[in-house]
Amino acid sequence: MTLPNDHVEVVSKVITIERHIIEQERATGGATGDFSGLLRDLTLAIKIIYREVSRAGLVDILGSTDLRNIQGEIVQKLDEFANGVIFRAMDHGGHLAVMASEENDEFIPIPEEYPKGKYVLCFDPLDGSSNIDANVSIGTIFSVLRRVTPAETDGTLEDILQPGYKQVAAGYAIYGSSTMLVYTAGHGVYGFTYDPSVGEFLLSHNDIHIPDHKGIYSVNEGNYSKWSPAMQQYIDWVKQEQPEADKKAYSLRYIGSMVADVHRTLLYGGVFLYPADIKSKRGKLRLLYEANPMSFIIEQAGGKATDGRGNRLLDIVPTELHQRTPLVVGSPKNVDEVERFLTTTK
Ligand code: AHM
Ligand code: MG
């Protein structure tokens, strides 16, 4: 079997994501089936989103929300569609106390008629959706926390505003040349590739480890003039011939779709950055729906995730639902290099 790199183990058995989750739950003890039930519901939502994303070029569902389809019904934008699918797949299973989505201004309560569970789900239903028209990979990102308010009551903002190190699971689906689901429940990172002919996500990337270092940087360099001098100096430095290895300058890879940029970084190594700048003083990406889940995955794969100012992203205590944060994630040595510039250069 050809592997994307030598950091991913060969998988010889056919293992569905559902079976993998159940086995992991058993191996780590305390399995009630609740958590595997939650991820099963979420996997179903992801399959439905995949189906619509893969049809996006065929049917006229792109563009503004007031387009009408052939039946004269109002057509939804794909990110709103994805948001609705996740809500409808997750609201009645009895696993969740409350949800929060990048698409909703307020948190999303579980409807009155359904039981309230012990978990909290934060998600970005379709990240990078501005790229859909160009067939660029986009994705769904999710983060699962344990509730902190009393069992069986309605979940509150307090359940959602927890630091990332409290996550019990996180993952993303990437809708690309193939569709993959990558997740961690705190015991390593596993990747599953969707086989549309059987309708299942099958384990393809067992126990993913990010390379220690790679000469790749990934950032929107169009923001250069708005960055701090320290950030500019780091970027100037990666473009110089490096004293070690093959002496080459770093390669730039930037897709502009976080799921795709982080996925590549996870498999090939390097660093993905979205720093603060003079216009966006707290960066662009959201802590709860983007930074925390990706940081959990990157750390579980042996990487690092910081805000570029010496702070581990997973330690940040959120104060707002849509809080943004500067972000530096990737191979541990690459992140250290960035930190060295950002914390010591004037
Ligand atoms: P979105 O949540 O509105 O899709 O925005 C998030 C996206 C990320 O996927 C990506 O990393 C970033 O925005 C790209 O931003 P920019 O266009 O400024 O480079
Ligand atoms: Mg997003």
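Note that the structure is a prediction, hence the values are computed from the model and not measured. (Residues numbered from 1 in each chain as written. Chains lettered and ligands numbered in written order. Predicted model: local features only at pLDDT ≥ 70, side-chain atom pairs only at ≥ 80, totals over all residues. Heavy atoms only, no water.)

Undergrad: Help me out: how do you make sense of the pattern of salt bridges in this one?
TA: Working definition: two side chains of opposite charge can pair if their charged atoms are close together. Under the criterion given, the structure shown has twelve salt bridges. Put simply, arginine 55 and glutamate 52 hold a salt bridge, and the shortest N to O gap is 2.9 Å. As a salt-bridge pair, aspartate 261 and arginine 264 come within 3.0 Å of each other at their nearest N and O atoms. Of this pair, aspartate 261 and arginine 264 are both found in helix H6 (residues 258–268), three residues apart, which corresponds to roughly one turn of the helix. Across the pair, arginine 264 and aspartate 261 agree in class, each one buried. Salt bridges sharing partners connect three or more residues here, namely Arg51, Glu52 and Arg55. (Salt bridge = Lys/Arg side-chain N within 4 Å of Asp/Glu carboxyl O. Helix = DSSP H or I, 4+ residues; strand = E, 2+ residues; numbered from the N terminus. Buried < 20%, exposed > 50% of the residue type's maximum accessible area, 1.4 Å probe, protein only.)

Undergrad: Which parts of the structure should I look at to understand the nonpolar core?
TA: Side chains of nonpolar character tend, in soluble globular proteins, to be buried together. By size, the foremost hydrophobic cluster in this structure holds 44 residues, and its most contacted members are Met90, Leu121, Leu126, Phe142, Val144, Tyr175 and Tyr183. The element best represented in this core is helix H2 (residues 34–54), accounting for nine residues. Those residues in contact with tyrosine 175 that lie beyond four places of it in its chain are Ile46, Ile49, Tyr50, Val53, Leu126, Ser137, Ile138, Gly139 and Thr140. Core analysis: the second largest hydrophobic core is formed by 28 residues, Ile141, Val189, Leu285 and Ile297 among them. (Core = buried A, V, L, I, M, F, W, Y, C linked by side-chain atoms within 4.5 Å. Contact = heavy atoms within 4.5 Å.)

Undergrad: Before we go on, may I ask you to explain the coordination of the magnesium ion (ligand 2) in this structure?
TA: Octahedral metal centres with six donors ideally show angles of 90 or 180 degrees, and tetrahedral centres with four donors ideally show 109.5 degrees. All of the protein donors around the magnesium ion (ligand 2) are Glu102 (OE), Asp124 (OD), Asp127 (OD) and Glu290 (OE); their distances to the metal are 1.9 to 2.5 Å. Within one chain, the residues donating to the magnesium ion (ligand 2) are spaced in sequence as E-x21-D-x2-D-x162-E. Taken as a pair, aspartate 124 in strand S3 (residues 119–127) and glutamate 290 in helix H7 (residues 287–300) lie far apart in primary sequence, 166 residues in all. Just as aspartate 124 is buried, glutamate 290 falls in that class too. (Donors = N, O, S within 2.8 Å, 3.2 Å for Na, K, Ca; no water.)

Undergrad: I keep staring at the site of ligand 1 and nothing clicks. Help me out?
TA: If you check the shell around ligand 1, you find 15 residues, and the closest are Asp127, Gly128, Tyr254, Met258 and Tyr274. One nitrogen or oxygen atom from the side chain of aspartate 127 is found 2.6 Å from an oxygen atom belonging to ligand 1. Taking asparagine 220, its side chain carries an N or O atom lying 2.8 Å from an oxygen atom of ligand 1. Bound to the protein, ligand 1 loses 76% of the 470 Å² it would expose on its own. Among the secondary structure elements, those contributing two or more residues to the shell around ligand 1 are S3 and strand S11 (271–274). Here the residues of the shell around ligand 1 sort into five nonpolar, five polar and five charged. Structurally, the shell around ligand 1 is a two-domain feature, drawing no fewer than three residues from each of domain 1 (5–205) and domain 2 (216–344). (Near = heavy atom within 4 Å. Polar contact = N/O pair within 3.5 Å; in protein donor to acceptor, adjacent residues only side chain to side chain. Areas by Shrake-Rupley, 256 points an atom, 1.4 Å probe, with all protein chains shown as cover. Nonpolar A, V, L, I, M, F, W, Y, C, P; charged D, E, K, R; others polar. Domains from an automatic or database assignment.)

Undergrad: Looking at this structure, how should I read the sheet that holds strand S2 (residues 108–109)?
TA: In any sheet, the strands associate via hydrogen bonds between backbone groups, in a parallel or an antiparallel arrangement. Ordered in space as S2-S1-S3-S4-S5-S6-S7-S8, the eight strands form an open sheet in which the pairing is mixed. The open sheet has two edge strands with one neighbour each: S2 and strand S8 (200–205). The pairing of strand S1 (residues 96–101) with S2 spans two bridges and is antiparallel. The residue of S2 that forms the bridge with valine 98 is proline 109. (Pairing = 2+ DSSP bridges.)

Undergrad: For this particular structure, what's the right way to read the pairing of S1?
TA: In summary, the side chains of a regular strand alternate between the two faces of the sheet. Burial of S1 is extensive: six of the six residues sit out of reach of the surface. Both S1 and S3 contribute to a ladder of five bridges, which runs parallel. Bridge pairing in S3 places alanine 100 opposite cysteine 122.

Undergrad: Honestly, the packing of helix H1 (residues 17–27) against H2 in this entry has me stumped. Any pointers?
TA: Each packed pair of helices is defined by two parameters, the angle between the axes and the distance between the axes. At their nearest, the axes of H1 and H2 sit 9 Å apart, and the two run at 160° to each other. What the angle tells us is that H1 and H2 run roughly antiparallel. Relative to H2, the crossing made by H1 is right-handed. Judged by residue contacts, Ile17, Glu18, Ile21, Ile22 and Glu25 of H1 engage Asp34, Phe35, Ser36, Leu39, Arg40 and Thr43 from H2. Looking at the contact of H1 with H2 residue by residue, the classes come out as five nonpolar, two polar and four charged. (Axes fitted to C-alpha atoms, helices over the stretch in contact; angles between N-to-C directions. Parallel < 35°, antiparallel > 145°, perpendicular 65-115°, else oblique. Left-handed = near helix turned anticlockwise from the far one by under 90°.)

Undergrad: How do you make sense of the pairing of S3 when you look at a structure like this?
TA: Where burial is concerned, most of S3 is hidden: nine out of the nine residues are buried. With seven bridges connecting them, S3 and strand S4 (residues 138–146) associate as antiparallel partners. Looking at the pairing, aspartate 124 lines up with isoleucine 141 of S4.

Undergrad: I keep staring at unusual backbone geometry and nothing clicks. Help me out?
TA: Apart from glycine, the bulk of residues carry a negative phi angle, and the bulk of peptide bonds sit in the trans form. The phi dihedral of glutamate 152 is positive, around 70°, even though this residue is not glycine. Looking at the element boundaries, glutamate 152 is found in the loop between S4 and helix H4 (157–160).

Undergrad: Can you help me understand the environment of phenylalanine 192 in this one?
TA: As for its placement among the helices and strands, phenylalanine 192 is situated in strand S7 (residues 189–195). With twelve residues separating them in the primary sequence, phenylalanine 192 and methionine 180 have C-alpha atoms 5.4 Å apart. In this structure, phenylalanine 192 is in contact with Ile15, Thr16, Ile17, His20, Thr179, Met180, Leu181, Tyr183, Phe201, Leu202, Leu203 and Ser204, ignoring residues within four places of it in sequence.

Nothing here speaks to function; it is geometry throughout.
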